[in-house]
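Next come the chains, spelled out residue by residue.
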Amino acid sequence: MRLPRFDYLKPDTLEGALDLMATYRDGAKILAGGTDLLVRMKKGLLSPKTLISLKALDELVYIKEGTMDGGDCIIIGAKTPIADVIDSDLVQQKASALSTACEKIGAITLQHFVGTIGGNILQENRCIHYNQSDFHRSGRGACHKDGGKICYARDDSDRCHSTCQSDGATALMALNAAITLARKGGEQRVDLVDLYTNDGIMPFAIESNELLTEIILPVRKGHSAYKRLAYRSALDYPIVCAGVLLIPSNTDEIAEARIVVGAMGRSPLYMASASNSLKGKKFDDRDAFKKAAATAMDNAAAFAVHNLGSTLEYRCSMAAEMVFQALNEAARAYQAA
Ligand SMILES: Cc1cc2nc3c(=O)[nH]c(=O)nc-3n(C[C@H](O)[C@H](O)[C@H](O)COP(=O)(O)OP(=O)(O)OC[C@H]3O[C@@H](n4cnc5c(N)ncnc54)[C@H](O)[C@@H]3O)c2cc1C
Ligand code: SF4
């Protein structure tokens with residue numbers, strides 16, 4: 001598989017990158033580490049005329065403390081390598097779900113040399129029927145994402161249900177992260193939950209002239225955890241995963257919970273009713289954790305389709321297990337603190 005031809009632009013400054021994005025718009029794609037983009041280009045899934053590389057933009061590599069809406073936060077530059085996020089004491093201590101999720105991404109080489117946290121969030125959705133070579137896909141008619149009129153993952157569906165398999169985005173949504181999108185002449189802050197369109201063909205609500213520049217994590221007095229299931233511990237994407245955050249009250253109860261299930265839908269799925277069911281519960285209430293996990297599984301099941309390499313029944317039951325394990329781990333961390 002060879003890369004198609006493209007023009008390669010390497011701006012030296014953020015301002016230069018935003019200028020180029022404003023000029024080229026839909027004709028160009030951003031190249032960060034390329035571990036998602038270049039694989040898709042080699043498979044013939046897209047063929048941009050121009051790549052705008054972030055290679056020289058070291059100004060987007062940082063992890064620092066800051067404030068957001070009057071509270072403390074961690075701010076991570078979008079081009080920060082996955083390995084830096086894993087190694088950061090700040091992230092390990094205050095956002096351990098993200099640390100754990102990043103440890104699971106791909107393989108050590110990918111984490112150290114190329115993959116970035118911004119690229120992880122904005123990696124394309126995946127589907128076993130679509131993320132294949134030209135040769136494989138030419139064996140039958142094109143699906144919606146390929147410009148056709150059929151979905152092989154859900155019978156009679158008039159839309160694409162490709163799945164978001166980002167480990168990082170699942171953990172970040174559990175941590176209630178926001179992102180900054182910059183464009184020539186301005187920028188906007190967007191809550192991560194609002195980044196998604198719910199359309200598997202164009203999964204992100206981001207304009208072609210907008211660059212993800214940073215990720216903002218509110219720092220709360222609480223504990224987070226991340227669990228994922230994959231066939232192999234390295235190189236394989238998650239079959240299903242879960243990120244959770246538990247915030248204690250002054251009376252040692254759960255004041256607020258956030259449960260997010262990943263790799264089951266077109267975006268990471270924030271489970272509102274499962275999360276709310278834990279308000280006021282004790283940190284050792286395993287029955288409450290079990291019920292919340294079952295509710296999360298039921299709600300996630302409505303989004304999942306047959307487009308990863310394992311059965312829906314298995315993925316759904318393991319979604320409950322991942323949520324349950326993550327809740328227990330976050331609760332144990334609270335009890336040990
Ligand atoms: C073998 C293999 C295994 C993998 N396993 C996993 C896994 O287990 N879990 C997982 O989550 N991922 C996995 N990945 C996917 C991918 O490697 C990671 O998500 C990685 O973090 C992507 O980062 P990148 O910098 O290489 O992104 P790129 O490929 O450079 O970019 C990804 C997409 O985001 C866009 N983009 C990147 N940065 C920006 C920005 N700042 N602003 C706007 N758009 C941007 C690009 O245009 C592109 O569309 C795997 C990939 C491979 C090849
Ligand atoms: S979910 Fe359906 S339309 Fe989307 S990529 Fe898969 S087969 Fe194609």
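Note: the structure precedes this text.
Residues numbered from 1 in each chain as written. Chains lettered and ligands numbered in written order. Predicted model: local features only at pLDDT ≥ 70, side-chain atom pairs only at ≥ 80, totals over all residues. Heavy atoms only, no water.

Turning our attention to the overall build of the chain. When helices and strands are counted, the chain shows twelve helices and twelve strands. Relative to the 2.2 N^0.38 estimate, which gives 20 Å for 337 residues, the radius of gyration of the chain is 20 Å and therefore close to what a compact globule would have. With the principal axes as the frame, the chain shows a C-alpha extent of 60 × 45 × 30 Å. Counting every position in the chain, which comprises 337 residues, the buried fraction comes to 52%. (Helix = DSSP H or I, 4+ residues; strand = E, 2+ residues; numbered from the N terminus. Rg over C-alpha atoms; globule rule 2.2 N^0.38 Å. Buried < 20%, exposed > 50% of the residue type's maximum accessible area, 1.4 Å probe, protein only.)

Put simply, helix α5 (residues 96–104) and helix α9 (residues 167–174) touch, their axes get as near as 8 Å, and they point 170 degrees apart. As the angle between them shows, α5 and α9 are arranged roughly antiparallel. Across from A97, L98, A101 and K104 in α5, the residues of α9 making contact are D167, G168, A171 and L172. Among the residues forming the contact of α5 with α9, the class breakdown is five nonpolar, one polar and two charged. (Axes fitted to C-alpha atoms, helices over the stretch in contact; angles between N-to-C directions. Parallel < 35°, antiparallel > 145°, perpendicular 65-115°, else oblique. Contact = heavy atoms within 4.5 Å. Nonpolar A, V, L, I, M, F, W, Y, C, P; charged D, E, K, R; others polar.)

Neighbouring ligand 2 are C127, H129, Y130, C143, H144, K145, C151, Y152, A153, C160, H161 and S162. Within the shell around ligand 2, the residues separate by chemical class into seven nonpolar, four polar and one charged. (Near = heavy atom within 4 Å.)

With respect to the helices and strands, the residue A242 is situated in strand β10 (residues 240–248). Residues A242 and L269, spaced 27 residues apart in sequence, show a C-alpha to C-alpha distance of 9.3 Å. Discounting residues that sit within four places of it in the chain, A242 has contacts with T170, A225, Y226, K227, V260, V261, M322, V323 and A326.

What follows is about the site of ligand 1. In the vicinity of ligand 1 there are 32 residues, among which I30, G34, T35, T116 and D167 approach most closely. Contact between ligand 1 and A32: an oxygen atom at 2.9 Å from a main-chain N or O atom of the residue. One of the backbone nitrogen or oxygen atoms of L212 is found 2.9 Å away from a nitrogen atom of ligand 1. Relative to its unbound accessible surface of 980 Å², ligand 1 loses 92% to contact with the protein. Mapped onto the shell around ligand 1, the elements with two or more residues apiece are β2 (28–31), α2 (37–42), α6 (108–114), α7 (117–121) and β8 (211–218). Among the residues forming the shell around ligand 1, the class breakdown is 14 nonpolar, eleven polar and seven charged. (Polar contact = N/O pair within 3.5 Å; in protein donor to acceptor, adjacent residues only side chain to side chain. Areas by Shrake-Rupley, 256 points an atom, 1.4 Å probe, with all protein chains shown as cover.)

Strand pairing in a sheet relies on backbone hydrogen bonds. The paired strands run either parallel or antiparallel. The strand order β1-β3-β2 describes an open sheet built from three strands, whose pairing is parallel. The open sheet has two free edges, formed respectively by β1 (7–9) and β2, since each of these has just one partner strand. Strand-to-strand twist of the sheet, defined as the mean angle between neighbouring strand axes without regard to direction, takes the value 25 degrees. Strand direction decides the pairing type here: β1 and strand β3 (residues 50–53), joined by three bridges, are parallel. Across the sheet, residue D7 finds its bridge partner in β3, namely T50. Contacts between helix α1 (residues 14–24) and the sheet are confined to β1, β2 and β3, with β3 contributing the most and set at about 160 degrees to the helix. (Pairing = 2+ DSSP bridges.)

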